[in-house]
Amino acid sequence: MTDAGARRPGRLDVIARWWRSRVVGDVNHAAVVAKISAESGWSGAYLFAIVISAGISILGLLLPSSAVLIGAMLISPLMMPIIGLGFGIATFDLVEMRRAAWALLLGSVIAILLSAAFVAVSPIQTVTSEIAIRTRPNLFDLLVALLSAIAGGYALIRERSTTVTGVAIAIALMPPLAVVGFGLATQNWTVLGGSLLLFLTNLVTIALTAATVARLYGFGAHLSPSQTRLQGTLIVVGLAALAIPLGLALKQIAVESVARRQIREAVLRPFDASARISQLDIDFDRTPAVVRAIVLTPAIVPTADARVLAATRAAVRLPLDLHVDQIRVGMESGAGEAAQIAAAQAGDGRASVARDARNEIAEPVALVAGVPAEAVLVDTGARRAVARLAPLPGASLATYRAIEQRAAAAANGWSIELTPPDGVPGPIPITNDTPDAAALDTAAWAARRLDRGVTVTGPAAARDAAVERLAAAGVRATAGPAARGTTLDLEWTAAQPPR
């Protein structure tokens with residue numbers, strides 16, 4: 001008969017004893033601590049890796065090239081200081097925490113400043129696709145960092161170098177810092193803030209998760225229960241503080257994803273079944289949300305904007321500023337596919353020539369417009385290229401027109417049409433009751449590109465002269481109220497009827 005106070009060991013007790021004897025007992029704690037201590041602090045090799053990794057990262061972001069960015073991820077100089085910080089938290093080693101934190105801070109500042117300096121002297125300062133995807137972190141980014149940190153901590157403890165390489169690619173610490181440098185150089189605070197949040201998400205999640213893994217493997221076993229509780233509180237609070245805003249960001253992305261699908265369906269609703277969307281740009285950050293679409297259609301639909309707007313508002317229930325550019329093209333069923341098959345069977349290489357011609361014009365136009373090459377609509381038969389210009393801080397309509405003129409001058413026989421962002425036209429100066437001709441010509445160009453009408457307000461004589469000049473340029477211009485002043489005010493109106 002057993003004593004009253006005696007009890008059989010529970011299943012958790014058995015598992016804990018097995019873990020301590022079979023798993024923790026096999027770890028060479030001294031060797032792991034020595035390795036982390038040697039690689040998590042400041043050194044000349046660390047500085048060299050920071051400079052090289054930052055340089056490769058900013059080049060990969062500006063090109064943009066995922067392959068180049070992977071090269072920067074493989075170097076991953078920031079990984080060891082963050083892991084060192086995590087192990088310092090696990091063991092309450094203040095010296096190691098200071099060493100790792102100092103190396104991490106100094107390395108991050110150098111990477112940001114180096115990236116900013118490179119962007120400041122670079123002719124390319126547009127937000128590429130690789131930059132954009134690093135400006136909106138969400139809960140999934142936290143989960144990636146958490147799982148990667150578990151794998152990284154395990155790999156270091158078990159000396160699995162190949163796993164560490166994979167973890168470096170998964171976490172991608174340096175590219176977000178390079179994006180911070182890009183935002184600093186271009187004074188794009190939205191880009192800077194989003195990418196900085198992504199970096200801090202990775203940093204905090206990796207450090208706290210590494211601390212948790214270290215404790216599970218017996219590091220910090222000398223700590224008291226109160227110190228262990230403090231560690232647990234720090235880890236839970238830190239991850240929760242990140243998870244809440246990132247979870248809200250993920251919810252917003254999900255809402256926008258559904259809205260984007262519904263808008264795409266609504267845009268095609270007024271058109272023939274053979275019509276297709278060439279380009280769809282949606283900016284949910286503005287109020288109302290801005291929707292710009294380019295539709296290839298066999299027949300122009302005069303009321304497309306109104307019908308699409310009614311359909312999208314009913315579907316997504318958001319305030320929208322919507323405009324659809326229609327490009328009339330031949331859309332005979334199967335004609336394009338048949339032509340490609342015939343060309344391939346004949347072996348005349350015409351399809352290849354068309355692709356070469358498209359690439360020849362699409363890439364330089366995309367570079368000038370600040371958009372991906374696939375966003376440039378190219379008609380090789382008519383030698384015509386169309387794209388929507390990326391917004392430039394502080395740029396006027398005259399600036400965007402000059403960009404189109406520069407692209408056209410270098411296009412060698414191609415017709416280039418670059419649509420400016422849908423901003424408000426600036427005031428038109430008046431001299432002796434005569435509006436400035438160059439400013440009016442620029443406004444007429446923008447109205448044609450945006451397919452908009454214009455209402456002109458200002459002194460009556462100058463107003464009427466401006467309306468006449470705009471109408472002569474093919475723009476639907478109407479006279480607004482007469483007003484005193486030395487400038488004319490222009491305001492966009494509804495899309496012009498097809499001409």
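Structure shown above.
Our subject in this report is the structure included herewith. (Residues numbered from 1 in each chain as written. Predicted model: local features only at pLDDT ≥ 70, side-chain atom pairs only at ≥ 80, totals over all residues. Heavy atoms only, no water.)

### Thoughts on the overall build of the protein
Reasoning step 1: Scanning the protein for helices and strands turns up 18 helices and 11 strands.
Reasoning step 2: Counting the 499 residues in the protein, one finds 42% classified as buried.
Reasoning step 3: Across the protein, the fraction of contacts at a sequence separation of at least 24, relative to all contacts at a separation of at least 6, is 72%.
Reasoning step 4: Roughly 25500 Å² of accessible area belongs to the protein as shown, and the carbon and sulfur atoms make up 61% of that amount. (Helix = DSSP H or I, 4+ residues; strand = E, 2+ residues; numbered from the N terminus. Buried < 20%, exposed > 50% of the residue type's maximum accessible area, 1.4 Å probe, protein only. Contact = heavy atoms within 4.5 Å. Areas by Shrake-Rupley, 256 points an atom, 1.4 Å probe, with all protein chains shown as cover.)

### So, the pattern of salt bridges
It is possible for side chains of opposite charge to pair when their charged atoms get near one another.
Reasoning step 1: Scanning the model with the defined rule gives 12 salt bridges in all.
Reasoning step 2: Of the charged contacts in the structure, one is a salt bridge between Arg-452 and Asp-321, with a shortest N-O distance of 4.0 Å. With Arg-452 in strand S9 (residues 452-458) and Asp-321 in strand S3 (residues 320-328), this pair connects stretches of sequence that are 131 residues apart.
Reasoning step 3: Residue Asp-321 is classed as partly exposed on the basis of its relative accessible area of 26%.
Reasoning step 4: We note a salt bridge from Arg-463 to Asp-464, for which the minimum N-O separation is 3.1 Å.
Reasoning step 5: One network of salt bridges, in which partners are shared, links Arg-292, Asp-321 and Arg-452. (Salt bridge = Lys/Arg side-chain N within 4 Å of Asp/Glu carboxyl O.)

### Quick word on the pairing of S9
Reasoning step 1: Burial analysis of S9 places 6 of its 7 residues in the buried class, the great majority of the element.
Reasoning step 2: Pairing analysis gives 4 bridges linking S9 to strand S10 (residues 477-482), with the strands arranged parallel. The partner of Val-456 across the bridge, within S10, is Ala-479.
Reasoning step 3: Taken together, S9, helix H18 (residues 460-472) and S10 form a β-α-β motif whose crossover is right-handed. (Pairing = 2+ DSSP bridges. Right-handed = clockwise from strand over helix to strand, strands pointing away.)

### Focus: the nonpolar core
Across soluble globular proteins, you tend to see nonpolar side chains buried next to one another.
Reasoning step 1: Of all hydrophobic cores here, the largest spans 42 residues; its most connected members are Leu-78, Ile-83, Phe-87, Ile-157 and Phe-219.
Reasoning step 2: Elements that contribute at least two residues to this core include exactly helix H2 (29-39), helix H3 (44-62), helix H5 (79-91), helix H6 (94-121), helix H8 (139-158), helix H10 (174-186), helix H11 (189-216) and helix H12 (225-268).
Reasoning step 3: A per-element tally of this core places H11 first, with 10 residues.
Reasoning step 4: Other than its neighbours up to four places away in sequence, Ile-157 contacts Val-27, Val-32, Phe-87, Val-213, Tyr-217 and Phe-219. (Core = buried A, V, L, I, M, F, W, Y, C linked by side-chain atoms within 4.5 Å.)

### Overview of helix H4 (residues 66-75)
Reasoning step 1: Along H4, the residues that are buried comprise Leu-69, Ala-72 and Met-73. Considered in projection along H4, the buried side chains sweep an arc of 105° and stay on one side of the axis. (Arc of directions from axis to C-beta.)

### Overview of unusual backbone geometry
Reasoning step 1: The omega torsion across Leu-63 and Pro-64 is -20°, close enough to zero to call that bond cis.
Reasoning step 2: You can see Pro-64 is positioned in the loop between H3 and H4.
Reasoning step 3: Positive phi values are uncommon outside glycine, yet Phe-92 reaches one of about 55°.
Reasoning step 4: The residue Phe-92 is located in the loop between H5 and H6 in this model.
Reasoning step 5: Residue Phe-92 is classed as partly exposed on the basis of its relative accessible area of 30%.

### Side note on the packing of aromatic side chains
Reasoning step 1: As enumerated under the stated definition, the model contains 2 aromatic pairs in all.
Reasoning step 2: Here the aromatic rings of Trp-42 and Tyr-46 are separated by 5.5 Å at their centres, their planes lie at 75°, and the arrangement is edge-to-face.
Reasoning step 3: When the ring of Phe-87 is compared with that of Phe-219, the centres are 5.2 Å apart and the planes differ by 75°; the resulting orientation is edge-to-face. A residue pair is termed long-range when its members are at least 10 positions apart, and Phe-87 in helix H5 and Phe-219 in the loop between H11 and H12 qualify at 132 residues. No difference in accessibility class separates Phe-87 from Phe-219, as the two residues are buried. (Phe/Tyr/Trp six-rings, centres within 6.5 Å; stacked < 30°, edge-to-face > 60°.)

### Thoughts on the pairing of strand S1 (residues 276-283)
Reasoning step 1: Of the strand pairs in this sheet, S1 and strand S2 (residues 289-297) are connected by 7 bridges, and their pairing is antiparallel. Across the sheet, Asp-281 pairs through a bridge with Arg-292, a residue of S2.

### Details of the side chain of Glu-404
Reasoning step 1: Within the secondary structure layout, Glu-404 lies in helix H16 (residues 397-409).
Reasoning step 2: Residue Glu-404 is classed as buried on the basis of its relative accessible area of 7%.

### Quick word on the sheet that holds S2
Reasoning step 1: As summarised here, the arrangement of the 3 strands in space is S1-S2-S3, forming an open sheet in which the pairing is mixed. Edge positions in the sheet fall to S1 and S3, since each has one partner strand and no second. Each neighbouring strand pair of the sheet contributes to a mean axis angle of 10°, computed without reference to strand direction.
Reasoning step 2: One ladder, built from 9 bridges, connects S2 with S3; its direction is parallel. Following the sheet pairing, Val-291 is matched in S3 by Leu-322.
Reasoning step 3: Docked against the sheet, H12 engages S1 and S2, running at close to 135° with respect to S1. (Axes fitted to C-alpha atoms, helices over the stretch in contact; angles between N-to-C directions.)

Function cannot be inferred from these measures alone, as they are strictly geometric.
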